[in-house]
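Report on the structure
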Amino acid sequence: MVLRNLPQAKVKEIVLFLLFLLLAFENVLQDKISLSFSYLDEGSAVFLAVWAVASAIFHHKKGRQLNRSDAICLVSLAILCIVGFTGNVLRDIQVYQEATIIDFFTCIKFAIAFISSKIILNDKEMLCLLDMCVGFAKVAVIILLLVAVANQFMNLGFSLSSRFGIGAFQFLFGHPSNFAATIVGFVALLLLDPKKNAVYIICAFLLLALTTRIKAIGLVLVLSIALLIFPGKERIPKSFVVMAGLAVLAIAYEQIGLYYLNDGTARSVLLSKSFEVANMFFPTGAGFASYGSNITRDFYPAFYYYLGFDHVHGLTPLNSNYLVDSFWPIIIGQFGWLDLILFLTFVVSFFRSVLYDQFCRRRNLWASLTIPIYLLIASSSESAFFSSYSVYLAFTLVLILMGNATIEESCSIARKRSNSTAIKEGANSYGIEKHLADR
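Everything in this summary refers to the structure shown in the same document. On a predicted model such as this, the values are computed, not experimentally measured, just so you know.

1. Some thoughts on unusual backbone geometry
In the segment running from Phe282 into Pro283, the intervening peptide bond is cis, with an omega of 5°. Assignment of secondary structure puts Pro283 in the loop between α12 (266-280) and α13 (303-307). At Phe171, a residue that is not glycine, the phi angle is positive and equals roughly 55°. As for its placement among the helices and strands, Phe171 is situated in the loop between β2 (166-169) and α8 (176-190).

Below is the structure:
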């Protein structure tokens, strides 16, 4: 499947396919070969940005791949960063400039990868890249499931611990959550043709379940509802939102009580203290690398002692593993209430951008939404949009959305389809119809 397309693939397609593989298995390379690979996601984001700028300049693309929601994403994130740096200047919580710069890039790398990939992959000459990635996903999920089943019976050393009487499968990854993120990308690719790839999708669902991560199991439940009850939809049914929300809440209820309603746990402390920090440093927050972000494990702020983190299990200088188990407390504590609104604007605009491209390019709705939904679910217990796997998921998502057709070709199709009342309603729900008319 993969090798069959290699002879027809262009050099740039092979380069991007190799990038896809490296990003998918970055955590394995980092954990088993060298810590230097931990910079692969940041390096890839820079690589994609440079390629996108060069492509726009030399091929005169002029941003035609981007829509109004993309612009809102960029503006809201830019203001968020300005407010973040203002917090650094005014509060001086993080004294190491290196930590501030690293955290700044951590916060923007997902958006950089997403926007840059849209410019790069909007190329009708790339005919084999998507097929190669889908073909690899098919082979990978079959082999990994066989290994996972064997691991349950023979203890091959690919499990972190046991949950629900099942070994939490992580393969060669450093943690089951990183493995789950890689499989989520494969699932999204396979959902482009759910009927043809049904067997592979089931295998991928089983792999997600075997990680025993509630967020992964929650995604399987949400996608099962989508595929079984709402197949073939072109827009999100309101009943799906209600059903999916209740399903995720039900499956995560015990974990929510354990981690967030228990005053002694790290996640509960991080969340409650983030409110105090946002009020204390209103309206800017404490600034980059000052609260709850991964980099503060290496550059532990003195402010943490004031907050009492040195007495909370998992947040101490010598045991800070749980500092990376949050996302929204980072937004609230580091950037304050104003930037919380800005980041929510970014998330909403990101979803609208995805739905716009899904509509124009006639992509499967659930394939297009798998990664955004997972990022939302994962943000309840890890850094999600700021994580090491965020660049991989951003690139994979755009690969799914852009496909082989250019935006002009896709919008031409959308105009023809807009004669249908149902499609008009769908366009209105995404705010697309006026945009198409403007073009």
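2. Some details on the pairing of strand β1 (residues 159-163)
Bridge count between β1 and β2: three bridges; the pairing is antiparallel. The residue of β2 that forms the bridge with Ser159 is Phe169. Between β1 and β2, which pair antiparallel one after the other, the connecting turn spans two residues, and Phe164 there sits at a positive phi close to 55°.

3. Considerations on α8
In this model α8 runs 21 Å from its N-terminal to its C-terminal C-alpha over 15 residues, within 8% of the 21 Å that 1.5 Å per residue would give. The buried fraction of α8 is high, at 15 of 15 residues.

4. Examining the environment of Val147
Considering the arrangement of structural elements, one finds Val147 in helix α7 (residues 129-154). Remark: the alpha-carbon pair of Val147 and Phe171, spanning 24 residues in sequence, is separated by 8.0 Å. Discounting chain neighbours no more than four positions away, the residues touching Val147 are Leu156, Phe158, Phe169 and Phe171.

5. A few points about the layout of surface pockets
Its volume calculated, the second largest pocket comes out at about 440 Å³. Around the second largest pocket sit 21 residues that line it, and Pro194, Leu227, Pro231, Gly232 and Asn364 are the ones nearest its centre. Elements with a contribution of two residues or more to the lining of the second largest pocket: α9 (198-210), α10 (214-229), α14 (328-360) and α15 (365-378). The biggest single contributor to the lining of the second largest pocket is α9, with four residues. When grouped by side-chain class, the residues that make up the lining of the second largest pocket number eleven nonpolar, four polar and six charged.

6. A short note on the packing of α8 against α15
One can describe the packing of α8 onto α15 by two numbers: an axis separation of 8 Å at closest approach and a directional angle of 160°. Here α8 is positioned roughly antiparallel relative to α15, judged by the angle of their axes. The hand of the α8/α15 crossing is left-handed. Between α8 and α15, the contacting residues are Ser177, Ala180, Ala181, Val184, Val187 and Ala188 on the first element and Ala367, Thr370, Ile371 and Tyr374 on the second. Partitioned by chemical class, the residues of the contact of α8 with α15 number eight nonpolar, two polar and no charged.

7. Section: the pattern of salt bridges
Overall, the coordinates contain seven salt bridges when judged by the stated rule. Between Lys118 and Asp70 there is a salt bridge, and its shortest N-O distance comes to 2.7 Å. On the criterion of sequence distance, the pair formed by Lys118 in helix α6 (residues 97-120) and Asp70 in helix α5 (residues 68-91) is long-range, its members being 48 residues apart. You can call Lys118 buried: its relative accessible area is 1%. A relative accessible area of 0% means that Asp70 is categorised as buried. We note a salt bridge from Lys273 to Glu276, for which the minimum N-O separation is 3.7 Å.

Basis of the calculations
Residues numbered from 1 in each chain as written. Predicted model: local features only at pLDDT ≥ 70, side-chain atom pairs only at ≥ 80, totals over all residues. Heavy atoms only, no water. Helix = DSSP H or I, 4+ residues; strand = E, 2+ residues; numbered from the N terminus. Pairing = 2+ DSSP bridges. Expected span 1.5 Å × (residues − 1). Buried < 20%, exposed > 50% of the residue type's maximum accessible area, 1.4 Å probe, protein only. Contact = heavy atoms within 4.5 Å. 1 Å grid on protein atoms, 1.4 Å probe; cavity = no way out; pocket = protein on both sides within 12 Å on 5 of 7 lines; lining within 4 Å. Points joined across faces, edges and corners; volume = space filled by probe spheres on them. Nonpolar A, V, L, I, M, F, W, Y, C, P; charged D, E, K, R; others polar. Axes fitted to C-alpha atoms, helices over the stretch in contact; angles between N-to-C directions. Parallel < 35°, antiparallel > 145°, perpendicular 65-115°, else oblique. Left-handed = near helix turned anticlockwise from the far one by under 90°. Salt bridge = Lys/Arg side-chain N within 4 Å of Asp/Glu carboxyl O.

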